[in-house]
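Coordinate analysis (summary)
Below, each chain spelled out in residue letters.
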Amino acid sequence: MSQPLSAEQLLGAWRRMVTIREFEERLHREMPKGMIPGFTHLYSGQEAIAVGVCDTLDREDVIVSTHRGHGHCLAKGCEVKPMMQEIYGRAGGLCGGKGGSMHIADFSKGMLGANGIVGGGPPLATGAALAFRNLGNRRVSVGFGGDGSANQGTVFEAMNMAVVLKVPTLFVFENNGYSENTAADYAIGARDLAERCAAFGMPAETGDGTDFFDVYERTQRAVERARNGEGPSSLVFTCTRFFGHFEGDPQKYRAADEVDTFRQTMDCLSKFRDRVTGEGWLEEAALQQVHDEVLALIDEAVEEAMAAPLPDLATLTTDVYTTY
Ligand SMILES: Cc1ncc(C[n+]2csc(CCOP(=O)(O)OP(=O)(O)O)c2C)c(N)n1
Ligand SMILES: [Mg+2]
């Protein structure tokens, strides 16, 4: 097969996926130490979706994330160090240390926010897309959601409105098999999520969320449609999460060997590495060098976050309302 992306683009995708993986693996080790306030939902295992989707977007395009948002933030270009400070609740964080893991936003990167409300993202993405359509600026929005979010009324309303108003938005569902501890097989009556999305009157496809190239190609087609004024699309990507629903989840609802098996068979990083080296598109040494650089950056980010000052008490009541 001919090389679908330049070596620079492939190495960039690898850097972003490895950054997400190592960021999350490190947080998994840091959380039990008690220095990180609030709740954390890790994204490990789903990296190919965030990166495959965001790599098709321009900087001016926007995304709206979920409660499991670190991967989306990093994929859209949020910097590691201010993100880490945000998660540690420090003044130098992307939201001044007042948002934490579940409320990271960086408008300068087109990252409109993680979201503690399941199904909260798609309506916001639809609104952003309506603005883009009215301004005629060819920008696109993406609303991420999980399989659980796909059962929310807010999502149904957003999908219908997006079709009726023909706005440039993508509904991306990451089907990791669970909504908290409820299996998607049980909770989604229609079983086939894409079929349900199609019923709203838009193209809908199911892809392999562990295959960066599959995610990238399907998303690229949907983005082109949106930019050309042909309206919204839905993409459902199957995947798994390598950790619990939240950090501290005992995961009694999963078979004892389930995660180990998925780490062997559904690891998007291994699949990407095998593909790009097997095809001769990238050298193993180049991948390793990026991996080492990422590990060093994350070490520094954690060290600096722990030493960084907390927000000043005077900022407690600022940033509550915005003015337009
Ligand atoms: C409106 C709303 N209902 C319920 C919750 C509690 N809740 C938080 S995460 C979650 C599961 C979401 O599952 P899914 O959309 O599949 O995302 P995943 O956690 O698998 O990434 C639930 C029910 C919530 N935060 N918001
Ligand atoms: Mg889920």
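The structure reproduced in this document is the subject of the present report. Since the model is a prediction, treat every value here as computed from it, not as a measurement.

Counting its secondary structure elements, the chain contains twelve helices and seven strands. Judged by the C-alpha coordinates and their principal axes, the chain covers about 55 × 50 × 40 Å. In the chain, which comprises 324 residues, the share counted as buried stands at 52%. Taking the contacts inside the chain whose residues are at least 6 apart along the sequence as the reference set, 73% of them involve residues at least 24 apart. Carbon and sulfur atoms make up 53% of the accessible area of the chain, which totals about 14400 Å². Taking the average location of the 30 positive side-chain charges in the chain and that of its 45 negative ones, the two points are 4 Å from each other.

Contact geometry of helix H2 (residues 47–54) with helix H9 (residues 212–227) gives a least axis separation of 8 Å together with a crossing angle of 35 degrees. You can see that H2 and H9 cross each other, and the crossing is right-handed. Residues Ala48, Ile49, Val51, Gly52 and Val53 of H2 lie in contact with H9, whose contacting residues are Phe212, Val215, Tyr216 and Thr219.

With that settled, consider the site of ligand 1. Surveying the vicinity of ligand 1 reveals 15 residues, the closest of which are His67, Arg68, Gly116, Gly148 and Asn176. Taking Asn176, its side chain carries an N or O atom lying 2.8 Å from an oxygen atom of ligand 1. Tyr178 is positioned with one of its backbone polar atoms (N or O) 2.9 Å from an oxygen atom of ligand 1. Residue composition of the shell around ligand 1, grouped by class: three nonpolar, nine polar and three charged.

What follows covers the nonpolar core. Judged by nonpolar contacts, the single largest core of 61 residues is most densely connected at Phe23, Met84, Leu170, Phe212 and Phe272. When residues in this core are grouped by element, the largest group, eight residues, is from helix H1 (residues 7–30). When neighbours within four sequence positions are excluded, Met84 is seen to be in contact with Phe23, Leu27, Ile298, Ala301, Val302 and Ala305. Counting 16 residues, the second largest nonpolar core, distinct from the first, contains Val167, Phe171, Phe173 and Ala194.

A few words on the pairing of strand E7 (residues 233–238). Of all six residues making up E7, five are buried, and the element is well covered by its neighbours. As paired elements, strand E3 (residues 169–175) and E7 share six bridges and run parallel to each other. Within E7, the residue paired with Phe171 across the bridge is Ser234. Taken together, strand E6 (residues 204–208), H9 and E7 form a β-α-β motif whose crossover is right-handed.

We now examine the pattern of salt bridges. If you walk through the whole model with that rule in mind, you get 21 salt bridges. Close ionic contact of Asp299 with Arg26 constitutes a salt bridge, the shortest N to O distance being 2.7 Å. Taken together, the residues Asp299 in helix H12 (residues 284–307) and Arg26 in helix H1 connect sequence positions 273 residues apart. For Asp299, a relative accessible area of 41% gives the class partly exposed.

This brings us to the side chain of Ser149. Looking at the secondary structure, you find Ser149 in the loop between strand E2 (141–146) and helix H6 (153–165). If we skip the residues at most four places from it in the chain, Ser149 touches Val118, Gly119, Val155 and Phe173.

Take the side chain of His41 next. Within the fold, His41 resides in the loop between H1 and H2. Looking at His41, the relative accessible area reads 4%, which means it is buried. Beyond its immediate sequence surroundings of up to four residues, His41 is in contact with Glu24, His67, Arg68, His70, Ser101, Met102, His245 and Phe246.

Bringing the sheet that holds E7 into the picture now. The sheet built from five strands is open, its strands ordered E1-E2-E3-E7-E6 with parallel pairing. Looking along the sheet, the strands with just one partner apiece sit at the ends: strand E1 (62–64) and E6. Direction aside, the axes of adjacent strands within the sheet are offset by 20 degrees on average. Summarising the sheet, E6 and E7 pair through five bridges and their orientation is parallel.

Under the 1.5 Å per step criterion, the end-to-end length of H12 is 35 Å for 24 residues, consistent within 8% with the ideal 34 Å. Every buried residue belonging to H12 is among Leu287, Val290, His291, Val294, Ile298, Ala301, Val302 and Ala305, and all of these are buried. Those residues of H12 that are buried lie in contact with H1, helix H4 (80–87) and helix H11 (268–278).

This brings us to the packing of aromatic side chains. Throughout the structure, instances matching the rule amount to nine aromatic pairs. Aromatic pair Phe39 and Phe246: ring centres 5.2 Å apart, planes at 15 degrees, arrangement stacked. With Phe39 in the loop between H1 and H2 and Phe246 in the loop between E7 and helix H10 (258–265), the pair connects residues that are 207 residues apart, well separated along the chain. You can call Phe39 partly exposed: its relative accessible area is 46%. Over the ring of Phe243 we find Arg263; its NZ or CZ atom is 5.2 Å from the centre of that ring. Between the NZ or CZ atom of Arg275 and the centre of the ring of Phe213, over which it lies, the distance is 4.9 Å.

So, how was this worked out
- Residues numbered from 1 in each chain as written.
- Chains lettered and ligands numbered in written order.
- Predicted model: local features only at pLDDT ≥ 70, side-chain atom pairs only at ≥ 80, totals over all residues.
- Heavy atoms only, no water.
- Helix = DSSP H or I, 4+ residues; strand = E, 2+ residues; numbered from the N terminus.
- Buried < 20%, exposed > 50% of the residue type's maximum accessible area, 1.4 Å probe, protein only.
- Contact = heavy atoms within 4.5 Å.
- Areas by Shrake-Rupley, 256 points an atom, 1.4 Å probe, with all protein chains shown as cover.
- Lys, Arg positive; Asp, Glu negative; His and termini not counted.
- Charge placed at Lys NZ, Arg CZ, Asp CG, Glu CD.
- Axes fitted to C-alpha atoms, helices over the stretch in contact; angles between N-to-C directions.
- Left-handed = near helix turned anticlockwise from the far one by under 90°.
- Near = heavy atom within 4 Å.
- Polar contact = N/O pair within 3.5 Å; in protein donor to acceptor, adjacent residues only side chain to side chain.
- Nonpolar A, V, L, I, M, F, W, Y, C, P; charged D, E, K, R; others polar.
- Core = buried A, V, L, I, M, F, W, Y, C linked by side-chain atoms within 4.5 Å.
- Pairing = 2+ DSSP bridges.
- Right-handed = clockwise from strand over helix to strand, strands pointing away.
- Salt bridge = Lys/Arg side-chain N within 4 Å of Asp/Glu carboxyl O.
- Expected span 1.5 Å × (residues − 1).
- Phe/Tyr/Trp six-rings, centres within 6.5 Å; stacked < 30°, edge-to-face > 60°.
- Lys NZ or Arg CZ within 6 Å of the ring centre and 35° of its normal.

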